[in-house]
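Per-entry structural report
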Amino acid sequence: MMKKDGKENTLAKAGTKEKQEKKAEKSKEETKKKSLAAKEITQEASASVKINKKKVNAYKRRQNRLGYLFMLPWIIGFVIFTLFPFVATIYLSFTDVRTSVRGWEIDFVGMANYVTAFFKNTEFVPALLEFLTMIIPYTFVVIIVSFIIAYLMSKLTKFRGMFRTIYFLPVIIMSGPVMSQILDANVSEHMEEVSRYDGLFIMNMIESYSPQFAHTLGGVLDELSVILWFTGIPIVLFINGLQKINPSLFEAAKIDSANSWQILWKIIIPMIKPIALVCTIFTIAQLGTYDTNPVYGLIKTATGNMSGGLGYAATYAWIYSLIVLLIIGAAFLIFKDRKEKKRGV
């Protein structure tokens, strides 16, 4: 009996082992099937993603072609009327251009025009310095006044459109003849009296510390009415930028007990910096093309001189362009976001 029981136990144990092995094999087969199915699904998904990427890339290429097609008239105009004259001006600045019976005569003279402009011409360097002393305070006043007016107008609830129209009217009226008449009248007033602010106590105090700064400030105040004519487009740009700021930022700042001054310096000014940069570049370019710019007057006079003035005009224009680019570069540095460097813990 004992032997029979031992045989039955061994047979039972062998049966259970076989069952376990069969179950393990089945589970392995099921895992293999699942893995194969998962691989097929991933392959199908990757294939569909590749197809979608191809469609998206094809759509982007088609949109880019349409965009370049719409830009083609502007690109052609830019190459013909801006890029080519710009390159030609660089070449003409190294030449002596004269008119004769045979037509235009162009002789390469190297750096002679630049030497004449900086060391022999008694008008160019003073005009360049006068331009620098004019463009910096004028641009500062235009940007600050435009931002203040735009900030105040953004707070209005009534007659906002009427005030926008009033401040934008000078841009429409300020055509060439009208602006020339205003500037000529302003110059004639300056010839009659040097400055109407010389007798003020504050101006005398400033002059005692810095005569040059007092002279610049007096010139800005004397021509403040003319400077305000250049604030139309910057005001519109600032209003547009102020309206795009999310109002929830102001609400969150007020919940955190921030006052109006803190909201101005911590929220509005940092978010309006890109608009201020655009307004600065626009103002520099706008002021540079009017008769208030003495270098612009020299360029026009030299351009009208057909007996050898075109080379000097190109030299003046190229030097002036470099100075303006340096000023714009300084504006980029001023309005650049200064991100604090993360310190390692």
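Residues numbered from 1 in each chain as written. Predicted model: local features only at pLDDT ≥ 70, side-chain atom pairs only at ≥ 80, totals over all residues. Heavy atoms only, no water.

1. Section: the overall build of the chain
For the chain, the helix and strand inventory stands at 13 helices and two strands. Relative to its full complement of 345 residues, the chain shows a buried share of 27%. Long-range pairs, those at least 24 residues apart, make up 70% of the contacts in the chain between residues at least 6 apart in sequence. When the accessible surface of the chain is summed, it comes to about 24,700 Å², and 66% of that surface belongs to carbon and sulfur atoms. (Helix = DSSP H or I, 4+ residues; strand = E, 2+ residues; numbered from the N terminus. Buried < 20%, exposed > 50% of the residue type's maximum accessible area, 1.4 Å probe, protein only. Contact = heavy atoms within 4.5 Å. Areas by Shrake-Rupley, 256 points an atom, 1.4 Å probe, with all protein chains shown as cover.)

2. Focus: the pairing of strand 1 (residues 95–100)
Both strand 1 and strand 2 (residues 103–108) contribute to a ladder of six bridges, which runs antiparallel. In the sheet register, S100 faces strand 2, and the bridge partner there is G103. In this structure, the hairpin formed by strand 1 and strand 2 is closed by a connection of two residues. (Pairing = 2+ DSSP bridges.)

3. Digging into helix 2 (residues 112–120)
Turning to helix 2, its buried residues are N113, Y114, T116 and A117. One side of helix 2 carries all its buried residues, which in axial view fall inside an arc of 160°. Residues of helix 2 that are exposed and angled more than 90 degrees away from the buried face: F119 and K120. (Arc of directions from axis to C-beta.)

4. Topic: the confidence of the model for the chain
Confidence in the prediction of the chain, expressed as mean pLDDT, is 75, and 65% of residues score 70 or more. This model gives residues 187–194 a pLDDT under 50, and the stretch forms four contacts once residues within four places in sequence are excluded. Low pLDDT (under 50) marks residues 340–345, which in the prediction has zero contacts with non-local residues, meaning those over four places away or in another chain. (pLDDT = per-residue confidence, 0-100.)

5. Remarks on unusual backbone geometry
Backbone geometry at S257 places phi at a positive 60°, although glycine is not the residue there. With respect to the element layout, S257 can be found in the loop between helix 10 (247–255) and helix 11 (260–288).

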